[in-house]
Amino acid sequence: MQIVHYVEELRGIISEAKKQGKSIGFVPTMGYLHEGHLSLARRARGENGLVVMSIFVNPLQFGVNEDYEDYPRDLSRDAPMAEAAGVDVLFCPGVADMYPRGYATFVEVEEITAVLCGASRPGHFRGVTTVVAKLFGLVQPDRAYFGQKDAQQLRVIEKMVEDLNMPVEIVPCPTVRELDGLAMSSRNAYLSPREREAALVLNRSLRRAEEAIRAGERDANRIREQVAAMIREEPLAEIDYVSVNDGVTLREIERIGDRVMVALAVRIGMTRLIDNLQMNLGGEG
Ligand code: AMP
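## Re the sheet that holds strand E9 (residues 271-280)
Taken together, 3 strands build an open sheet; the order of strands is E7-E8-E9 and the sheet is antiparallel. Strands at the two margins of the open sheet, each flanked by one partner only, are strand E7 (237-245) and E9. Shown here is a sheet whose adjacent strand axes are inclined to one another by a mean of 10°, direction ignored. With 10 bridges connecting them, strand E8 (residues 259-268) and E9 associate as antiparallel partners. Considered in E9, the bridge of Ile268 is made with Thr271. In the packing of helix H9 (residues 200-214) onto the sheet, contacts are made with E7, E8 and E9, and the angle to E9 comes to roughly 20°. Running over the sheet, helix H10 (residues 220-232) touches E7 and E8 and is turned about 165° from E7.

## Considering the side chain of Ser185
Locating Ser185 in the fold gives a position in the loop between strand E6 (169-173) and helix H8 (193-198). There is a polar contact of 3.0 Å between the side chain of Ser185 and the backbone nitrogen of Arg187. Not counting the four nearest positions on each side in its chain, Ser185 is found in contact with His34 and Lys149.

## Thoughts on the domain arrangement of the protein
Split into domains, the protein comes out as domain 1 (2-173) and domain 2 (186-278). Domain 1 and domain 2 are separated by 26 Å when their C-alpha centres are compared. Each partner contributes residues to the interface: domain 1 has 21 residues there, and domain 2 has 18 residues. Counting each side, the surface lost to burial between domain 1 and domain 2 is near 1,600 Å², with a carbon and sulfur contribution of 55%. If you sort the residues of domain 1 by the area they bury against domain 2, Leu116, Lys149 and Arg155 come out on top, with a joint share of 32%. Our count for the contact surface shared by domain 1 and domain 2 stands at 1 salt bridge.

Analysis parameters
- Residues numbered from 1 in each chain as written.
- Predicted model: local features only at pLDDT ≥ 70, side-chain atom pairs only at ≥ 80, totals over all residues.
- Heavy atoms only, no water.
- Pairing = 2+ DSSP bridges.
- Helix = DSSP H or I, 4+ residues; strand = E, 2+ residues; numbered from the N terminus.
- Axes fitted to C-alpha atoms, helices over the stretch in contact; angles between N-to-C directions.
- Contact = heavy atoms within 4.5 Å.
- Polar contact = N/O pair within 3.5 Å; in protein donor to acceptor, adjacent residues only side chain to side chain.
- Domains from an automatic or database assignment.
- Buried area = accessible area lost by both parts, 1.4 Å probe.
- Salt bridge = Lys/Arg side-chain N within 4 Å of Asp/Glu carboxyl O.

Now the structure itself:
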């Protein structure tokens, strides 16, 4: 595995791979890798001639009072994990190389970025789409792999690619969880043992919603209320949002139809965690 720190060096590797006719699979991350990231890399390994993973804690997608400075970073831990998952090129650029003095170009997807995490993190998705568009320009992937854990991010990237006719296939990958159900996240490293226990309320409330929907509940408000009530029982948890939306436009719904996403953002102490459940009920009544 090659570890690459500079844009110009990456360009050389990509143009060589293209000359050799290799397909390129790309996994963008902010590092501090866990099984969620590695599942994306393994999938990419199985489907492409060259696998590129980026590790870049992107300052543009963090708000002023967010955890940019504290976000965990450890390349010596990440590199062997990426290599074992089949990554060929680990691209770890510096901020000054990605956003040199005078940098002035941004990519913004409207509407679906105004709700859910976009509502509580203004500018977040603008930062995400800008860096992902830039990375797509550099890596020129045939396929790019994104986790369903960040369901809104995945929709926003799909929309950007569709609207800007970017020649890349977006491959959604399922959420990887700890044995007890907590969705893996680099931010789980912030949790104290007591908070780690409290964080289970996200998955628990989603499983409760899933059961209720499977049992025939179609009133979205009842689901919102059940989920919110369950989270409120956990003293360390503070709700940012509980959404029952259609999974595509991300608009809140009243009645649950063929497709539904239940999405949560919950603060556990100082740590903001997200999780979601997506169900396709077509044919199930
Ligand atoms: P991050 O490093 O948090 O920006 O995540 C990089 C990529 O890994 C994104 O596409 C995430 O959706 C994906 N990812 C993060 N956590 C998980 C998880 N638990 N399961 C699957 N994919 C994940």
